[in-house]
Amino acid sequence: LLLDKTLGEGEDLIVRNGLGIDILDPGHTYWVRSNQPVTVQYGHLGTTGGLNQARDGGGFVPSRSGSSSGDLFYFFIPYNPGFSTEKELRVVCYEDLSLVTLSGWDGTAWSEIAEEVVAANDHLDFVGAYNKSFRNYDLYRFEVADDKNCVLFEANWLETGSFGTSDFASAVAPSNSENVGEYFVAYMGPPGAQFRVAGQ
């Protein structure tokens, strides 16, 4: 047994409990068991231990239903220490006039970062390089009013500007709050250097 911890809604191991992530050994297989539904994020998650610990990745954020589409999300965007400007979040909503709220955990409570109305199939972007109130948090909560569904894609330093470094792949998120469906949202990060992309 490596860890035994009780978490409340919206709590995580790294940010709100400060437990760190360096309890796992590379190359091993681990079993996570919970008595309530939880989501598990894996990859380069560290914000300590120097550079190149948490970059070059992205993925769809699971909602409280466990699928990629939903109305309530809690998540962490990995980043290198000192490089929180590299954090990005894209939101796509399926229903028209979706009222969404993004909040960040400030150490004692959730603080509202933004509240927006999103049109059907439109998107909303949060980019750390341009939004200080977004990048200064480590843990986020995203809510959609009136049981409407949105999809969230979090990313950090996807390196889409150079051949051989676009090292990201993920399953695509469907609209029906399941993990299989007929209508999907796919997100490809914009290239850092347009001239390096064939076909643009």
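Our subject is the structure listed above.
Described in the following lines is the structure provided in the data block. As the structure is a computational prediction, the values presented were derived from the model and not from experiment. (Residues numbered from 1 in each chain as written. Predicted model: local features only at pLDDT ≥ 70, side-chain atom pairs only at ≥ 80, totals over all residues. Heavy atoms only, no water.)

The buried fraction of strand β4 (residues 87-93) is high, at five of seven residues. Taken together, the seven bridges between β4 and strand β9 (residues 150-156) define a ladder with antiparallel strand orientation. Across the sheet, the residue bridging to V92 is V151, located in β9. Note: β4 against strand β7 (residues 123-127), five bridges, orientation antiparallel. If you follow L89 over to β7, its bridge partner there is F126. (Buried < 20%, exposed > 50% of the residue type's maximum accessible area, 1.4 Å probe, protein only. Helix = DSSP H or I, 4+ residues; strand = E, 2+ residues; numbered from the N terminus. Pairing = 2+ DSSP bridges.)

Throughout the structure, instances matching the rule amount to eight aromatic pairs. Here F60 and F153 contribute two aromatic rings whose centre-to-centre distance is 5.1 Å and whose plane-to-plane angle is 80°, an arrangement assigned as edge-to-face. Linking F60 in strand β1 (residues 57-60) with F153 in strand β9, this pair joins segments that are 93 residues apart in sequence. No difference in accessibility class separates F60 from F153, as the two residues are buried. Note on W105 and W110: the rings are 5.3 Å apart at their centroids and 65° apart in plane angle, and the pair reads as edge-to-face. Judged by relative accessible area, W105 falls into the buried class, the value being 14%. Aromatic rings pair up to connect F75, F126, F134 and Y140 into one cluster. Between R16 and the ring centre of W105, over which it is positioned, the NZ or CZ distance is 3.5 Å. (Phe/Tyr/Trp six-rings, centres within 6.5 Å; stacked < 30°, edge-to-face > 60°. Lys NZ or Arg CZ within 6 Å of the ring centre and 35° of its normal.)

Counting residues in each nonpolar core, the largest one holds 21 residues, and the members touching the most others are F75, L89, V91, L102 and F142. Elements represented by at least two residues in this core include exactly β3 (72-76), β4, β5 (98-105), β6 (110-118), β7, β8 (139-144) and β9. Other than its neighbours up to four places away in sequence, L89 contacts F75, I77, L102, L124, D125, F126, F134, L152, F153 and E154. One finds V92, Y94, F153 and A155 within the second-largest nonpolar core, a separate group that totals nine residues. (Core = buried A, V, L, I, M, F, W, Y, C linked by side-chain atoms within 4.5 Å. Contact = heavy atoms within 4.5 Å.)

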